[in-house]
Every structure is written in C-alpha cells, then in structure tokens.
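Structural features, examined
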Amino acid sequence: MPDVYSVGLDGDTMGRAFPEIQMVTATLVGVSATPIAMSDDKGNSAILSTVSNLWTETFARGIAVNMGASAYIASYAMTGKQLREAAIPGTMTLIERIGTTIRLAHRDKKDPIAAVADVTNGFPFWTGKISDVIRRTEGGFARGTALIEGSGENAGRRLTIDFQNEFLIARAEGEALVTVPDLITLLDAETGEPITTESLRYEFRVVALAIPCARRWRTEEVWQS
C-alpha cells in the first residue's frame, strides 16, 4: 500500500481531468465531498453540506455560475487511511514524465507522438485536421463538439469528439471508437503538445491518442456509485 505522504503529493482522485465534483475515486470509497468551501475573486464565499456528492455538484455548480463561472473550492477532507484507499498514486510523476518525454523527443529529433504514446501506454487512433468546433455554455459547463477530417489512412472519413470540459467520446461514422473513462487526448501533429478543449481551433492538424484509464475505473464500484 502506498505511503500516505507520497500519495498526497504524487497522486489524485481520478487520474484525469473530471467535469463534475462527484466523479472521483473518493466517492467510490464513501468519502463525502462536504463540507465544501467555495469563494470567488470578489470576496464572496459559501460553505455547503449535502446529502450526497451528486447533490454537492448540483448546488456548487449553481453557485459557481453566479460567481461568474469561476470559483475556488476546498472539499473531500479525509483521513490518511481514506486517502490511501481512494487515491490513484503516481499521477504527478506521470505528468512530469510526459512533459520530459516531449522535450527530449524534440531535442533528439524523434517522433513526439510515438514518445507520448509509449510513456502513457496509449495508441494513436486518428490523424486529421479540425474542420469545425461547435461550442455552447450549458448548466455551467463548456460543452461542444469537434469535427476532425481524417488524413492518411483515415482520409475521406470524419471523427466527431463530444466534450464537456474534457473529451468524452470519439465517434467515426456513428461508431464509438474511444469513450470515458479512458482518456481521449488531442496532440499537435507536429509538436506533440496537448490541445485542450478550450484551445481547439479550426484547421489545427492533430493526432487523437487513446490512453487507458486507471484500473479503479473498471471495477464494479463505479457502476454501484
């Protein structure tokens, strides 16, 4: 079992970005998100106590919207024992390794896409150019769809990626290719640098990479939570 201090410094409770407060491993082991403290840059603050982590998301989202769609939060207070059980260790180290891998690939004139795929155990599943990005703000979320015209072996086909703060599901010709909880990552086709949902732009040339999620998200606890 990992040391509580190392997990606290080199770990998190999802192993990826997450769009909603309750979507973390702490929920799987019964840790409450509340009491949760919220504040904004204007000096407003709130403390919530809710009956479930899903309700925490519902109320906190509404407050955050009224704070200008930007709020600071502190939640999921837990014991060291709970942290060892809930946390996914090594995530900070992995982030550092990915950044180092891209930098060294540039220095050594190697393929940064292949290097990132190797360090993340991922695989490229689409190459193409962004032909359109449809965005909307709904319920406090940045939702939308990215359309990517295929190139190379994907020429003549289109990939559609739906996102809600993060990439959720990638489809081609109506068939789901990759979906959460696995990670869908878009990389700049030349540099290998990541492209987030908010930085998607028309005519960006990208490679879509599928990365396996943490094993915890493939257990029965997920479906029972």
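These lines cover the structure that appears in this document, whether it is placed above or below. (Residues numbered from 1 in each chain as written. Predicted model: local features only at pLDDT ≥ 70, side-chain atom pairs only at ≥ 80, totals over all residues. Heavy atoms only, no water.)

Concerning the overall build of the chain
In terms of helices and strands, the chain carries seven helices and 13 strands. Along the longest, intermediate and shortest principal axes, the C-alpha atoms of the chain span 55 × 40 × 35 Å. Here the chain holds 225 residues, and 38% of them are scored as buried. Long-range contacts, defined as pairs at least 24 residues apart, comprise 57% of the intrachain contacts of the chain with a sequence gap of at least 6. Total accessible area on the chain is roughly 12800 Å²; 54% of this is exposed by carbon and sulfur atoms. Looking at charge distribution, the chain has the averaged site of its 22 positive side-chain charges lying 1 Å from that of its 28 negative ones. (Helix = DSSP H or I, 4+ residues; strand = E, 2+ residues; numbered from the N terminus. Buried < 20%, exposed > 50% of the residue type's maximum accessible area, 1.4 Å probe, protein only. Contact = heavy atoms within 4.5 Å. Areas by Shrake-Rupley, 256 points an atom, 1.4 Å probe, with all protein chains shown as cover. Lys, Arg positive; Asp, Glu negative; His and termini not counted. Charge placed at Lys NZ, Arg CZ, Asp CG, Glu CD.)

Details of the pattern of salt bridges
The final tally for this structure, using the stated rule, is nine salt bridges. Asp41 is paired through a salt bridge with Lys42; the nearest N and O atoms lie 3.4 Å apart. Linking Arg218 and Asp182 is a salt bridge whose minimum nitrogen-to-oxygen distance equals 2.5 Å. Of this pair, Arg218 sits in the loop between strand E13 (205-211) and helix H7 (220-224) while Asp182 sits in the loop between strand E10 (175-179) and strand E11 (183-188), and the two are 36 residues apart along the sequence. Via salt bridges that share partners, Asp40, Asp41 and Lys42 belong to a single interconnected network. (Salt bridge = Lys/Arg side-chain N within 4 Å of Asp/Glu carboxyl O.)

Some points on the nonpolar core
Side chains that are nonpolar tend, in soluble globular proteins, to be buried together. Counting 19 residues, the largest nonpolar core has Phe125, Ile148, Leu159, Ile161, Leu186 and Leu200 as the members making the most contacts within it. Contributions of two or more residues to this core are made by strand E6 (123-138), strand E7 (141-150), strand E8 (158-164), strand E9 (166-172), E11 and E13. With 14 residues, the next largest nonpolar core counts Leu28, Ile113, Val207 and Ile211 among its residues. (Core = buried A, V, L, I, M, F, W, Y, C linked by side-chain atoms within 4.5 Å.)

A closer look at the side chain of Glu166
Mapped onto the secondary structure, Glu166 falls in strand E9. When residues no more than four places from it in sequence are discounted, the contact partners of Glu166 are Arg16, Ala17, Phe18, Pro19 and Thr197.

With respect to the pairing of E9
The element E9 is largely enclosed, with a buried count of five among its seven residues. Of the strand pairs in this sheet, E8 and E9 are connected by six bridges, and their pairing is antiparallel. Counterpart to Asp162 in the pairing with E9 is Ile169. Between the antiparallel neighbours E8 and E9 lie one residue, among them Asn165 with a positive phi of about 70°. Pairing of E9 with E10, which is carried by four bridges, proceeds in the antiparallel orientation. Of the residues in E10, the one forming a bridge with Ala170 is Val178. Linking E9 back to E10 in an antiparallel pair, the connection comprises two residues, with Glu173 at a positive phi of about 55°. (Pairing = 2+ DSSP bridges.)

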